[in-house]
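# What the coordinates show
Okay, here's what each chain looks like letter by letter:
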Amino acid sequence: MKSAIPLLALVFASAAVRLVAAEVNLTTGDLSGTSSFNAAGNWSNAAPPSAGNDYVVAVQWLRTPADANNHIFAGASLRLDTGGGIIYKGTAATNTYTIADLVLNGGTIRSGSAHTQTMALAGNLTVVGTGSTLLADQANFTIDSVLAGNGDLQLTAGTGSSVHSITLNAGNNYTGNATVTSANASSKVVLGPAGSWK
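Let us look at the structure shown here. What you see is a predicted model, and the numbers here were worked out from it, not measured in a lab.

With that settled, consider the sheet that holds strand β10 (residues 132-136). Spatially, β3-β6-β8-β10-β13-β15 is the arrangement adopted by the six strands of the open sheet, whose pairing is parallel. Each edge of the open sheet is held by one strand with a lone partner, namely β3 (62-63) and β15 (178-182). Of the pairings in the sheet, the one linking strand β13 (residues 153-157) to β15 comprises five bridges and is parallel in character. Looking at β15, one finds that A157 is bridged to S182.

What follows deals with the nonpolar core. One finds W43, L78, I109 and I166 to be the most contacted residues of the largest nonpolar core, which totals 33 residues. Excluding anything up to four places from it in sequence, I166 contacts L134, A136, F141, I143, L155, T156, A157, K188, V189 and V190.

For T28, the position within the fold is in the loop between β1 (22-25) and β2 (53-57). The sequence separation of T28 and G41 amounts to 13 residues, and the corresponding C-alpha distance is 9.3 Å. Ignoring any residue separated from it by four or fewer positions in sequence, one finds T28 in contact with N42 and V59.

Turning our eyes to something else, we now look at the side chain of S35. Mapped onto the elements of the fold, S35 is located in the loop between β1 and β2. A residue is classified by how much of its surface remains accessible, and S35, at 15% relative accessible area, is buried. At a separation of 3.1 Å, a polar atom in the side chain of S35 contacts the main-chain amide nitrogen of F37. In this view, S35 contacts D30, R63, T64 and P65; residues no more than four positions away in its chain are not counted.

Now for the pairing of strand β8 (residues 108-111). The pairing of strand β6 (residues 85-88) with β8 spans four bridges and is parallel. Bridge pairing in β8 links Y88 to S111. Relative to β10, β8 is paired through three bridges, and the arrangement is parallel. Across the sheet, the residue bridging to T108 is T133, located in β10.

Before going further, it helps to examine empty space enclosed by the protein. By the definition in use, this model includes one cavity of 30 Å³ or more. Here the largest cavity is characterised by a volume of approximately 60 Å³. In this structure, the largest cavity is lined by I143, S145, L147, L168, N169, A170, G171, N172, S196 and W197. Along the lines of polarity and charge, the residues of the lining of the largest cavity split into five nonpolar, five polar and no charged.

Scanning all chains against the criterion turns up three salt bridges. Put simply, D81 and R79 hold a salt bridge, and the shortest N to O gap is 2.7 Å. A residue is classified by how much of its surface remains accessible, and D81, at 12% relative accessible area, is buried. Judged by relative accessible area, which is 27%, R79 ranks as partly exposed. Close ionic contact of D137 with R110 constitutes a salt bridge, the shortest N to O distance being 3.0 Å.

Glancing now at the packing of aromatic side chains. Within the structure shown, the criterion is met by five aromatic pairs. For the ring pair W43 and Y55, a centre distance of 4.8 Å and an interplane angle of 70° mean the geometry is edge-to-face. Taken together, the residues W43 in the loop between β1 and β2 and Y55 in strand β2 connect sequence positions twelve residues apart. On the accessibility criterion, W43 (4% relative accessible area) is buried. For the pair Y88 and Y97, a centre-to-centre distance of 6.0 Å together with 70° between the ring planes defines the contact as edge-to-face. In this structure, Y88 and Y97 share a single accessibility class: buried. A connected cluster of aromatic rings, assembled from ring pairs, spans F37, W43, Y55, F73, Y88 and Y97.

How each quantity is defined
- Residues numbered from 1 in each chain as written.
- Predicted model: local features only at pLDDT ≥ 70, side-chain atom pairs only at ≥ 80, totals over all residues.
- Heavy atoms only, no water.
- Pairing = 2+ DSSP bridges.
- Helix = DSSP H or I, 4+ residues; strand = E, 2+ residues; numbered from the N terminus.
- Core = buried A, V, L, I, M, F, W, Y, C linked by side-chain atoms within 4.5 Å.
- Buried < 20%, exposed > 50% of the residue type's maximum accessible area, 1.4 Å probe, protein only.
- Contact = heavy atoms within 4.5 Å.
- Polar contact = N/O pair within 3.5 Å; in protein donor to acceptor, adjacent residues only side chain to side chain.
- 1 Å grid on protein atoms, 1.4 Å probe; cavity = no way out; pocket = protein on both sides within 12 Å on 5 of 7 lines; lining within 4 Å.
- Points joined across faces, edges and corners; volume = space filled by probe spheres on them.
- Nonpolar A, V, L, I, M, F, W, Y, C, P; charged D, E, K, R; others polar.
- Salt bridge = Lys/Arg side-chain N within 4 Å of Asp/Glu carboxyl O.
- Phe/Tyr/Trp six-rings, centres within 6.5 Å; stacked < 30°, edge-to-face > 60°.

Okay, here's the thing in structure tokens:
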């Protein structure tokens, strides 16, 4: 009986170590027509995203799948650092990407599909640090993610004469400094029916 307690403690300690999420990095940007969003792609552990890991992107770009489906990011979290970003490459009129814990840490979320399409982002979006950007330069954004954090955020709608919008369609606890830029008079950053802004 004297050895039972130390042995039990060792078992619990081993279990605790296994529960710690590993950090996985995107080693290089996805090539055209490829995506690491739901595949092994260019992740440093050579495996598709999974719930036990935190994922970091500091390169351009993590591409979304070039299809008409909605997708859920399987990782525990996804952080976009300075110099890194995710670019929309879906083919539906609206593609929804659900990311439970998306962190903008100086990175960029960019719409890179057709002018008539919309990237909808769901889940939770936290902004930290400086230099983070939502760039709707090729398609529209609908942000259904709950927005939080206290970092700086640049929201840019449109480019040149191209008209695009960013619709904020969720409640938020964001307390950072946001800068809104429209490339032309018809491009807007607006609140949707369910949106709020502090």
